[in-house]
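Residue strings, one per chain:
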Amino acid sequence: MSIFFLPVLILGTTFVLAVPLGFYLAWIMDGGYCAPSVLRWIEERIDTGRQNWRQYIFSLLYFNVVIFVFAFTILALQPWLPLNPDGKKMLYPTTIFNTVCSFLSNTNLQHYSGEVHLSYFSQLFAIVWCQFVSPAVGLAALAAILRGLRGDRDMGNFYLDLWRGTIYIMLPLGIVWAILLLAGGVPMTFEGAVQAQTIEAGAMGTQDNGQPKPQMISRGPVAALVAVKQLGTNGGGFFGANSCHPFENPSAWTNFLECVALILLPIASLVMLGRMLSNFRHAGVIFGVMLVLSIGTIAWAVYSDTMQPNPGLVELPVDQSLGNLEGKELRFGVSAGATWAALTTNSSNGSVNCMHDSLNPLAGLTPLCGMWLNCIWGGKGVGLINFLVYLIVGVFLAGLMVGRTPEYLGKKVEAREMKLAMLALLIHPLMVLGPTGLFSVCDWGTKAANNPGPHGFSEILYEFSSASANNGSGLEGLGDTHGFNKAEDNPSPPAPYAPSWDITCGLVMLISRFVPIIAPLALAASLAAKKPTPFTAGTMRTDTVTFGFVLLGTIVLVGALLFMPAAVLGPVAEHLGPIPFGR
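Predicted model only: the values in this text are computed from it and were never measured. (Residues numbered from 1 in each chain as written. Predicted model: local features only at pLDDT ≥ 70, side-chain atom pairs only at ≥ 80, totals over all residues. Heavy atoms only, no water.)

(A) How the structure looks around the overall build of the chain. Helix and strand content of the chain: 18 helices and 4 strands. In terms of C-alpha radius of gyration, the chain reaches 24 Å, essentially the compact-globule figure of 25 Å for 583 residues. Principal-axis analysis of the C-alpha atoms gives the chain an extent of 85 × 60 × 45 Å. Accessible surface computed for the chain: about 22700 Å², of which carbon and sulfur atoms make up 67%. Side chains of the chain give 30 positive and 33 negative charges; the mean places of these two sets differ by 15 Å. (Helix = DSSP H or I, 4+ residues; strand = E, 2+ residues; numbered from the N terminus. Rg over C-alpha atoms; globule rule 2.2 N^0.38 Å. Areas by Shrake-Rupley, 256 points an atom, 1.4 Å probe, with all protein chains shown as cover. Lys, Arg positive; Asp, Glu negative; His and termini not counted. Charge placed at Lys NZ, Arg CZ, Asp CG, Glu CD.)

Laid out in structure tokens, this is it:
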């Protein structure tokens, strides 16, 4: 059972670190600190006063529009901006649109390869900048919702919350984690790619004189990006291979650090909830449900992939006693790929340290289920917001079962709250299943997929699941990369249907980011405006083990009803195919 040692170590270490960090988050977001004079002066300038939920939402949307314009401008002007030692060209317009939508929405889905298509300036001031502020936006929205749930008359101030999340939380943690990664061997430099002379021709081929061609090894300010991509549940890597690349993830130690960073702040957000609502029992119930779901997905992934052979290799003389090793980096350990695949979709992160396309079919259900439920740990702030939507639905269903008006934290849950909760809940499956169905029957999807049958369907399904869940990981195999604006500047021909994927995924990411934030903010404000109901012996408590089971059942049942048919058409059909991989 040593293969389960790594997941247990990651979860245990993260919990120990998350408890004090969660108290710190509550202290910061509730304004209990005393800022230095310079920072206090800045805060006084950006604090526009207390905001109701409409003003808070307007400020949030306005700020994101500014981010969009800023990042789009940087990527469009890439050839003429500094810190471009390798002479990167301008990206294709739809690729720019998709990239900005992706990092603006904390998705970090990449229809480009970082070391091939982006300059250092673009990486730092478009990508890393968004990787700091987009999780801070989610954290600010969570803080506003918690204020509404505890009965505050206003939601706070968005700009002040954003400042606090960025300066006092994301920036210090990012610096600490970057230093740890630097010590572990992750590079941090502004020098351009280095040329290395190989001794064998290999994939590089030979020169006219018969000598092996030199290999260009990309590098850059990697540590700064990797630290925040993990801590901010971002996931977008400096390199196309993400954390499979030895410069992003050199050793088992850096792999452990990056896994802890995946779920550190999402778990700390639960402690913040308990502190801000003064109800740690309730936070404990939520933590317990999330933990059960997370352990279940990790165990399923490890069992289905690490403890089972690759069905495509069973007829070959290959030793598979260590399970399916295709597409894995063995320097991390045999169970590290499956563990990461579960955690990265549990946390809405999207970074990878193995090829998800190489997971056994049933193991591939794990990242899909993590994205479909979209509430196991989840993204920074928004993961807990998504869970609270399920919680409202669970309260409503439990109230119906016991014949009482549903209540949450002493406030009645009525028609308005349920409409808002269902809007936030149903937008996700609509944004996954609608585009998947469309692309599965037209050339945009069928001719872009790299595999036939159920696996090709899974590639399409995974892409839209990742976009809608604001996750960013990919099953890969899809032709969705155009690259530079001029086709001749690309190292390989642009994918013919890349613009369709760019635009559709970009729109899905934006809709699935902001609707599930706006609706819960309105829901929390609606509850805040209501008078508390007296607590009686008949009141259904939300801080008991019984309610935890109700909540767990609600999440699993709703998730199964929404996505089971798609799962059967994809990974399950692939697993049951008469020939490996359903061909």
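(B) Looking closely at helix α6 (residues 120-149). Between its first and last C-alpha atoms α6 spans 43 Å; for 30 residues at 1.5 Å apiece the expected length is 44 Å, and the two agree. Of all the 30 residues making up α6, 28 are buried; the element is thus mostly covered by neighbouring parts of the structure. Backbone geometry just after α6 places glycine 151 at a positive phi near 100 degrees. (Expected span 1.5 Å × (residues − 1). Buried < 20%, exposed > 50% of the residue type's maximum accessible area, 1.4 Å probe, protein only.)

(C) Local environment of the nonpolar core. Counting residues in hydrophobic clusters, the biggest one holds 140 residues, and the most contacted among them are Leu149, Met272, Phe387, Leu391, Tyr408 and Ile555. A total of 20 residues in this core trace back to one element, the largest contributor, which is α6. If near-sequence neighbours (up to four positions away) are discounted, phenylalanine 387 is found in contact with Ile286, Val289, Met290, Cys375, Leu551 and Ile555. Residues Phe439, Phe464, Leu478 and Val508 belong to the second largest nonpolar core, which totals 15 residues. (Core = buried A, V, L, I, M, F, W, Y, C linked by side-chain atoms within 4.5 Å. Contact = heavy atoms within 4.5 Å.)

(D) How the structure looks around the packing of aromatic side chains. Tallied over the full model, the rule gives 23 aromatic pairs. Judged by centre distance (5.7 Å) and plane angle (85 degrees), the ring pair of tyrosine 56 and phenylalanine 158 falls under edge-to-face. In this pair, tyrosine 56 is assigned in helix α3 (residues 53-76) and phenylalanine 158 in helix α7 (residues 158-183), connecting sequence segments 102 residues apart. Considered together, tyrosine 56 and phenylalanine 158 belong to a single accessibility category, that of buried residues. By the ring-pair criterion, three or more aromatic residues cluster together here, those being Tyr24, Trp27, Tyr33 and Tyr168. (Phe/Tyr/Trp six-rings, centres within 6.5 Å; stacked < 30°, edge-to-face > 60°.)

(E) Focus on helix α18 (residues 545-576). Given a rise of 1.5 Å per residue, 32 residues ought to cover 46 Å, yet the end C-alpha atoms of α18 are separated by just 37 Å, more than 12% below that figure. When the local axis directions of α18 are compared, the greatest deviation, roughly 55 degrees, occurs at phenylalanine 563, which is followed within four positions by the proline proline 565. (Bend = angle between axes of the 7 residues up to and from the residue.)

(F) The arrangement of the packing of α6 against helix α17 (residues 498-528) in detail. Where α6 meets α17, the axes come as close as 7 Å, and the angle between the chain directions of the two elements is 20 degrees. Here α6 is positioned roughly parallel relative to α17, judged by the angle of their axes. Classified by chirality, the crossing of α17 by α6 is left-handed. Residue-level inspection shows Ser134, Val137, Gly138, Ala141, Ala144, Ile145, Gly148 and Leu149 of α6 in contact with α17, the latter providing Arg513, Ile517, Pro520, Leu521, Ala524, Leu527 and Ala528. Within the contact of α6 with α17, the residues separate by chemical class into 11 nonpolar, 3 polar and 1 charged. (Axes fitted to C-alpha atoms, helices over the stretch in contact; angles between N-to-C directions. Parallel < 35°, antiparallel > 145°, perpendicular 65-115°, else oblique. Left-handed = near helix turned anticlockwise from the far one by under 90°. Nonpolar A, V, L, I, M, F, W, Y, C, P; charged D, E, K, R; others polar.)

(G) Looking closely at the side chain of asparagine 374. When you line up the elements, asparagine 374 lands in the loop between α12 (365-373) and α13 (382-402). Its relative accessible area of 14% is what places asparagine 374 among the buried residues. Dropping the residues within four chain positions of it, asparagine 374 is found in contact with Asn386, His428 and Ala469.

(H) Expanded view of unusual backbone geometry. Even without being a glycine, asparagine 106 presents a positive backbone phi close to 65 degrees. Summarising the element assignment, asparagine 106 is placed in the loop between α4 (93-104) and α5 (114-117). One non-glycine residue with positive phi stands out, namely asparagine 374, at about 60 degrees.

(I) Structural detail: the side chain of threonine 554. Mapping threonine 554 onto the fold places it in helix α18. For threonine 554, the contacting residues outside a window of four places in its chain are Tyr390, Val393, Gly394 and Leu397.

(J) A look at the pattern of salt bridges. Tallied over the full model, the rule gives 15 salt bridges. Linking lysine 229 and glutamate 248 is a salt bridge whose minimum nitrogen-to-oxygen distance equals 2.5 Å. Highlighted residues: lysine 229 in helix α8 (residues 222-231) and glutamate 248 in the loop between α8 and α9 (252-276), separated in sequence by 19 residues. Relative accessible area serves as the criterion here: at 0%, lysine 229 is assigned to the buried category. By relative accessible area, glutamate 248 is classed as buried at 0%. For the salt bridge of aspartate 305 with lysine 328, the shortest nitrogen-to-oxygen distance reads 2.8 Å. With aspartate 305 in helix α10 (residues 280-306) and lysine 328 in the loop between α10 and α11 (336-346), this residue pair connects regions lying 23 residues apart in the sequence. Take aspartate 305 and lysine 328: they sit in the same class, and that class is buried. (Salt bridge = Lys/Arg side-chain N within 4 Å of Asp/Glu carboxyl O.)

(K) The packing of α13 against α17, seen in detail. Following both chains from N to C, one finds α13 and α17 inclined at 55 degrees, their axes separated by 10 Å at the closest point. Here α17 runs oblique to α13, going by the angle between their axes. Between α13 and α17 lies a crossing whose hand is left-handed. Across from Val382, Ile385, Asn386, Val389 and Ile392 in α13, the residues of α17 making contact are Arg513, Pro516, Ile517, Pro520, Leu523 and Leu527. Taken together, the residues of the contact of α13 with α17 break down into 9 nonpolar, 1 polar and 1 charged.

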